[in-house]
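# Understanding the architecture of this molecule
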Amino acid sequence: MKLVGIEPHDLDEMIRKALGELVTVRRVNGVPFVSLPICYPDGSFVTVRIDPAPGGYRVSDAGFAYHEAMDMGFSKAAFSRTANKIKESVDFEVDNRVVFEVSEPENLSAAISDVAEGSWRIASKFGERYEEESNEEGIIEALTNRLGTIFGEKNVELSPTILGASTTDWKMSAKVLIGKRLTIFQAVGSNPNSIFRASTAFRDLANRDDAPGLVAVVTDIGELGTRKPLLAPARIILANDNDDMYRRAAS
């Protein structure tokens, strides 16, 4: 098929130009960095560094995935766990903060592909977790704005630390004290980590001799799926429920 008005040699040149824009090479202090047409969560292109190595080349992500995770507030330990899990399905190695692969010259293209994919998967996993945990932050913001209005500012404490039956200190979203009745409100995101943490805290607090009222605040009960029973013995309400629902939850 011949495109109207475009000669085959012109089309070939356009394709070469487009490919040149998709994959770019730049040198920093003489070291080549190759940027590929896939993006990290922050919108930057996945980039690999290529260094000479005995018998071939060492292809690495220069720590870009690690810095993505750090910028989102995750720990070095979390990075290591995630990277080691992902490398079970993608061919790369992890050395402290760097995703890399040592390759023979004839396998350089495969090494670039593997390292780029591994680095992207790691960063994307943290991006997903960050978005999920941001959902929890949104619930906390809603609680901050509403609890004082509903119960009175003097009866509300935000981000309290509550001692559980196991003598573990739990940092919760808010507590409301009306007379002698103490109720703990906990923002729970849709991601498993948020649910499991809340579940553990609720069970520990429920085992106290003077167990407080426990309320899990979520944006969508359906998003809890099969994990919903884990939030027992807490009562579950929606962040946008009306004031009466909040009052009943604390009664």
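First things first, this report covers the structure right here in the doc. (Residues numbered from 1 in each chain as written. Predicted model: local features only at pLDDT ≥ 70, side-chain atom pairs only at ≥ 80, totals over all residues. Heavy atoms only, no water.)

Looking now at the side chain of Asp51. Within the secondary structure, Asp51 is located in strand S3 (residues 45-53). With relative accessibility at 16%, the residue Asp51 sits in the buried group. Among the polar contacts listed, one links the side chain of Asp51 to the side chain of Arg49, at a separation of 2.7 Å. Apart from the residues within four sequence positions on either side, Asp51 is in contact with Val31, Gly56, Tyr57 and Arg58. (Helix = DSSP H or I, 4+ residues; strand = E, 2+ residues; numbered from the N terminus. Buried < 20%, exposed > 50% of the residue type's maximum accessible area, 1.4 Å probe, protein only. Polar contact = N/O pair within 3.5 Å; in protein donor to acceptor, adjacent residues only side chain to side chain. Contact = heavy atoms within 4.5 Å.)

Attention shifts here to the environment of Val94. By the secondary structure assignment, Val94 is in strand S5 (residues 93-95). Between the C-alpha atom of Val94 and that of Thr144, which follows or precedes it by 50 residues, the distance is 41 Å. Contact partners of Val94, with chain neighbours within four places excluded, come to Phe79, Ala83, Lys87 and Phe100.

Looking now at the sheet that holds strand S10 (residues 174-178). The strand order across the open sheet built from five strands is S7-S10-S11-S12-S13, with neighbouring strands paired in mixed fashion. Looking at which strands have only one partner, the edges of the open sheet turn out to be strand S7 (156-158) and strand S13 (235-238). Here the average twist between neighbouring strands, direction ignored, is 25°. When strand S11 (residues 181-187) meets strand S12 (residues 213-218), the two strands line up parallel, connected through five bridges. If you follow Phe185 over to S12, its bridge partner there is Val215. Taken strand by strand, helix H5 (residues 192-206) contacts S11 and S12, and its axis lies near 170° from that of S12. (Pairing = 2+ DSSP bridges. Axes fitted to C-alpha atoms, helices over the stretch in contact; angles between N-to-C directions.)

We now examine helix H3 (residues 76-86). Regarding H3, the residues found buried are Ala78, Phe79, Thr82, Ala83 and Ile86. In an axial view of H3, the angular spread of the buried residues amounts to 125°, which keeps them on one side of the axis. Set apart from the buried face of H3 by more than 90 degrees, the exposed residues are Arg81 and Lys85. (Arc of directions from axis to C-beta.)

On to the pairing of strand S4 (residues 56-60). Of the pairings in the sheet, the one linking S3 to S4 comprises five bridges and is antiparallel in character. Across the sheet, the residue bridging to Arg49 is Ser60, located in S4. What sits between S3 and S4 in their antiparallel hairpin is a turn of two residues, with Gly55 showing a positive phi close to 80°. Inspection of the sheet shows S4 paired to strand S6 (residues 98-103) by four bridges, in the antiparallel sense. Residue pairing in the sheet places Arg58 in a bridge with Val102 of S6.

Looking at soluble globular proteins, one finds that nonpolar side chains tend to be buried together. Ranked by internal contacts, the top residues of the largest apolar core, which has 26 residues, are Val48, Val59, Phe79, Ile122 and Phe126. Where this core is concerned, the elements lending two or more residues are strand S2 (31-39), S3, helix H2 (64-71), H3 and helix H4 (108-151). If you tally residues by element for this core, the top one is H4, at seven residues. Excluding anything up to four places from it in sequence, Phe79 contacts Ala65, Tyr66, Ala69, Met70, Val94, Asn96, Arg97, Ile122 and Phe126. (Core = buried A, V, L, I, M, F, W, Y, C linked by side-chain atoms within 4.5 Å.)

Another aspect to go through is the sheet that holds S4. Backbone hydrogen bonds are what pair the strands of a sheet, in a parallel or an antiparallel way. With antiparallel pairing, the six strands of this open sheet are ordered in space as S1-S2-S3-S4-S6-S5. Edge positions in the sheet fall to strand S1 (24-28) and S5, since each has one partner strand and no second. Pairs of neighbouring strands in the sheet enclose a mean axial angle of 35°, with direction left out of account. Where S1 meets S2, five bridges bridge the pair, whose relative direction is antiparallel. Looking across to S2, one finds that Val28 is bridged to Val31.

Compared with the 21 Å implied by 1.5 Å per residue over 15 residues, the 21 Å span of H5 between its first and last C-alpha is a close match. Turning to H5, its buried residues number three or more, namely Ser194, Ile195, Ala198, Ser199, Ala201, Phe202, Asp204 and Leu205. (Expected span 1.5 Å × (residues − 1).)

All right, on to the packing of aromatic side chains then. For the structure on display, the rule yields four aromatic pairs. Plain terms: the ring middles of Phe74 and Phe126 are 4.9 Å apart, the flat faces sit at 45° to each other, and that makes the pair tilted. Residue Phe74 is found in the loop between H2 and H3, and its partner Phe126 is found in helix H4; the two are separated by 52 residues along the sequence. Under the relative-accessibility criterion, Phe74 is labelled buried at 10%. An angle of 20° between the planes, with centres 6.0 Å apart, marks the rings of Phe185 and Tyr246 as stacked. Taken together, the positions of Phe185 in strand S11 and Tyr246 in helix H6 (residues 243-249) put the pair 61 residues apart, joining distant regions of the chain. Here a set of aromatic residues connected by ring pairs shows up, and it is made of Phe151, Phe185 and Tyr246. One cation-aromatic arrangement involves Arg26 over Phe33; the distance from NZ or CZ to the ring centre is 5.4 Å. When the ring centre of Phe100 is taken as origin, the NZ or CZ atom of Arg58, which lies over that ring, is 4.4 Å away. (Phe/Tyr/Trp six-rings, centres within 6.5 Å; stacked < 30°, edge-to-face > 60°. Lys NZ or Arg CZ within 6 Å of the ring centre and 35° of its normal.)

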